[in-house]
Amino acid sequence: YSMETNEDGSIQVNSLFDADVFSYPKPIKLLLTLVKAVTYVENKGVILDFFSGSATTAHAVTQLNAEDGGNRKFISVQLPEVLSPDNPQQKVAYDFLKANNRPTTLDYIGIERIIRASKKIKEETKAEIDYGFKHFELLEPNSNTLDKCETFDKTKMVLDTSILDDFGTSTILTTWLVNDGYGFNADFKTLIFKGYTAYWCTNHLYLINPNLTQDSVADLFEKYETIPDFNPKNIVLFGYSFNEWSVTEMLEKNLKILNDSEKNLAINIDVRY
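Residues numbered from 1 in each chain as written. Predicted model: local features only at pLDDT ≥ 70, side-chain atom pairs only at ≥ 80, totals over all residues. Heavy atoms only, no water.

Draft legend 1. Structural detail: the overall build of the protein. Along the protein, the regular secondary structure elements total 10 helices and 7 strands. Classification of the 273 residues of the protein by burial places 40% in the buried group. By sequence separation, contacts in the protein at least 24 residues apart represent 63% of the contacts at least 6 residues apart. Accessible surface computed for the protein: about 15700 Å², of which carbon and sulfur atoms make up 52%. (Helix = DSSP H or I, 4+ residues; strand = E, 2+ residues; numbered from the N terminus. Buried < 20%, exposed > 50% of the residue type's maximum accessible area, 1.4 Å probe, protein only. Contact = heavy atoms within 4.5 Å. Areas by Shrake-Rupley, 256 points an atom, 1.4 Å probe, with all protein chains shown as cover.)

Draft legend 2. Focus on the side chain of Thr 62. Residue placement: Thr 62 occurs in helix α3 (residues 56-68). Since its relative accessible area comes to 8%, Thr 62 is described here as buried. Discounting residues that sit within four places of it in the chain, Thr 62 has contacts with Phe 74, Ser 118, Ile 121, Ile 129 and Tyr 131.

Draft legend 3. Examining the layout of surface pockets more closely. Considered as a void within the structure, the largest pocket measures approximately 1700 Å³ in volume. Around the largest pocket sit 47 residues that line it, and Ser 76, Lys 134, His 135, Phe 136 and Glu 137 are the ones nearest its centre. Among the elements that take part in the lining of the largest pocket, strand β2 (residues 71-76) stands out by supplying 6 residues, more than any other. Partitioning the lining of the largest pocket into residue classes produces 21 nonpolar, 18 polar and 8 charged. Looking at the second largest pocket, its volume works out to about 260 Å³. In terms of lining residues, the second largest pocket is bounded by 17 residues, among which Val 21, Phe 22, Ser 23, Gln 89 and Leu 106 are the most central. In terms of residue class, the lining of the second largest pocket is made up of 8 nonpolar, 7 polar and 2 charged. (1 Å grid on protein atoms, 1.4 Å probe; cavity = no way out; pocket = protein on both sides within 12 Å on 5 of 7 lines; lining within 4 Å. Points joined across faces, edges and corners; volume = space filled by probe spheres on them. Nonpolar A, V, L, I, M, F, W, Y, C, P; charged D, E, K, R; others polar.)

Draft legend 4. Main features of the sheet that holds strand β5 (residues 204-207). Spatially, the 5 strands line up as an open sheet ordered β3-β4-β5-β6-β7, and their pairing is mixed. Since the sheet does not close on itself, it has two edges, and those belong to β3 (189-193) and β7 (268-272), each with one partner. If you compare each strand with its neighbour and ignore which way they point, the axes differ by 25° on average. In this sheet, β5 lies alongside strand β4 (residues 196-201) in antiparallel orientation, the contact comprising 3 bridges. Of the residues in β5, the one forming a bridge with Trp 200 is Leu 205. Seen against the sheet, helix α8 (residues 169-179) touches β4, β5, β6 (234-238) and β7 and runs at an angle of roughly 140° to β6. Each of β3, β4, β5 and β6 is contacted by helix α9 (residues 214-226), which is oriented at about 120° to β3, the strand it contacts most. (Pairing = 2+ DSSP bridges. Axes fitted to C-alpha atoms, helices over the stretch in contact; angles between N-to-C directions.)

Draft legend 5. A look at the pairing of β3. Here β3 runs beside β4; their pairing, made up of 5 bridges, is antiparallel. Residue pairing across strands places Thr 190 opposite Tyr 199, the latter belonging to β4. If you look at the hairpin formed by β3 and β4, you'll find 2 residues sitting between the two strands, and Lys 194 has a positive phi there, around 50°.

Draft legend 6. Broad picture of the environment of Leu 32. With respect to the helices and strands, the residue Leu 32 is situated in helix α2 (residues 28-38). Spatially, the C-alpha atoms of Leu 32 and Thr 62 are 9.7 Å apart, while their sequence positions differ by 30 residues.

Draft legend 7. Quick peek at the pattern of salt bridges. Tallied over the full model, the rule gives 9 salt bridges. Across the pair Glu 112 and Arg 116 runs a salt bridge whose closest N-O atoms are separated by 2.9 Å. Here Glu 112 pairs with Arg 116, and both are found in helix α5 (residues 107-125), just 4 residues apart, close to one helical turn. Residue classification places Glu 112 among the buried positions, given a relative accessible area of 8%. One connected set of salt bridges, linked through shared partners, spans Arg 102, Glu 112 and Arg 116. (Salt bridge = Lys/Arg side-chain N within 4 Å of Asp/Glu carboxyl O.)

Take a look at the structure:
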């Protein structure tokens, strides 16, 4: 790839947005050259950009994958800097985001670029690659919630679903999927057991929500017995949502029944806080 200047980068971004939303972004060909240089052996790898800005790196990774069928992935990190209409350098970006019903923070310029660049690349190359991405936000938990986590005494068997409310089911599930080796793009399934919602990914069944009933547990273990490919080896409980002893007792009671069946699985019950 021939080299380009920051002025070229501005033209490239502005052509996607039809507006001058970002000043002096990195030129796309520079990033294409760098990404190709560090992934030339197998055309795969994870490219991390700690100061994503307008998401040129994500754009380059997607473009290169479309060109050579590679399987590179990107992680783009950008602080949600609040844009102001009173700042001459930010007004165009602010107005653009406002007009497109987006939050008026800098990270959403990058998000819009990834979406628009991916659409353009697909139209031009017809390449059938993965154009998707996930957006994660790093938020600071409520100080009261952190205090509750630090002082929680599971021996008192006191439920506190406010901890679940503050973190959110999605945050807990994503954290566990990454911790258990499935990554950020894990292909998990949402399952319903007699009105109770659980989450299954390969060898782990995650029970995060409160109000797990005996009927739900019975239905869960019936699935173990009747569905051939349903055999998660680990049942993971979010301890703050349950009276650990009663739920564990329900699970172990049904485990005894399951162990006498033809599947005869060794299932681990893991309570996490």
